[in-house]
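# What the coordinates show
In case you want the letters, here they are:
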Amino acid sequence: MIYLDSSVLLADLFTELQSPPEALWDEDLASSQLLAYEVWNRVNAHSLMISHGGRARGLLARVNLTQMSEPALARALKPFPVVVRTSDALHLATMEFRRGNGASVELASYDSRLLEAARALGIDAAKL
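A short tour of the structure in this document, coming up. None of these values were measured; they are calculated from a predicted model.

## Some remarks on the packing of helix α1 (residues 6-13) against helix α2 (residues 34-45)
Taken N-terminus to C-terminus, the directions of α1 and α2 make an angle of 40°; their axes are 10 Å apart at the nearest point. One way to sum up the angle between α1 and α2 is to call them oblique. The interaxial crossing formed by α1 with α2 has right-handed handedness. Residue-level inspection shows Ser6, Leu9, Leu10 and Leu13 of α1 in contact with α2, the latter providing Leu35, Glu38, Val39, Arg42 and Val43. Of the residues that constitute the contact of α1 with α2, the class distribution is 6 nonpolar, 1 polar and 2 charged.

Written out as structure tokens, the structure is:
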């Protein structure tokens, strides 16, 4: 399973120079429900609901979102091997929750700090 960070979805949504290959959207994608909040926050911050809302909904529909429940997020309350931001801690906790339930997880991200923290937990980067 590929855990999708908002940096990758937003790069595709906003057609940035560094964007994922189209084949990524056919993979088994997962993320925290936090992903939806991050995406809608950026769409709304740039007043792009009319032009980008439909595509954002379509991309989010391809991702299996893990609810931000206490069991999924309990790990975020503990220390990490490297210093992390709050949103990264929530994503990392969700990745570890998924791994704890038997999923093999790779991280798709353009965020070097999140990738470093994931590597410190033994989570490999997905090839983009």
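## Re the nonpolar core
The biggest cluster of nonpolar side chains holds 19 residues, and the ones touching the most others in it are Leu4, Leu9, Leu13, Leu29, Leu35 and Val39. Of all the elements in the fold, those that place two or more residues in this core are β1 (2-4), α1, α2 and α3 (49-61). The residues touching Leu29, leaving out its near neighbours within four places in the chain, are Ile2, Leu4, Leu24, Arg62, Val63 and Asn64. Among the nonpolar cores identified, the runner-up in size contains 15 residues, and Met1, Tyr3, Val105 and Ile123 belong to it.

## Concerning the side chain of Asp111
Within the secondary structure layout, Asp111 lies in the loop between β4 (106-108) and α6 (112-120). Separated by 3.0 Å, the side chain of Asp111 and the backbone nitrogen of Arg113 make a polar contact. Among the polar contacts made by the side chain of Asp111, one reaches the main-chain amide nitrogen of Leu114 at a distance of 3.2 Å. Leave out the neighbours within four places in its chain, and Asp111 touches Asp5, Ser7, Arg85 and Asp88.

Definitions and cut-offs
- Residues numbered from 1 in each chain as written.
- Predicted model: local features only at pLDDT ≥ 70, side-chain atom pairs only at ≥ 80, totals over all residues.
- Heavy atoms only, no water.
- Axes fitted to C-alpha atoms, helices over the stretch in contact; angles between N-to-C directions.
- Helix = DSSP H or I, 4+ residues; strand = E, 2+ residues; numbered from the N terminus.
- Parallel < 35°, antiparallel > 145°, perpendicular 65-115°, else oblique.
- Left-handed = near helix turned anticlockwise from the far one by under 90°.
- Contact = heavy atoms within 4.5 Å.
- Nonpolar A, V, L, I, M, F, W, Y, C, P; charged D, E, K, R; others polar.
- Core = buried A, V, L, I, M, F, W, Y, C linked by side-chain atoms within 4.5 Å.
- Buried < 20%, exposed > 50% of the residue type's maximum accessible area, 1.4 Å probe, protein only.
- Polar contact = N/O pair within 3.5 Å; in protein donor to acceptor, adjacent residues only side chain to side chain.

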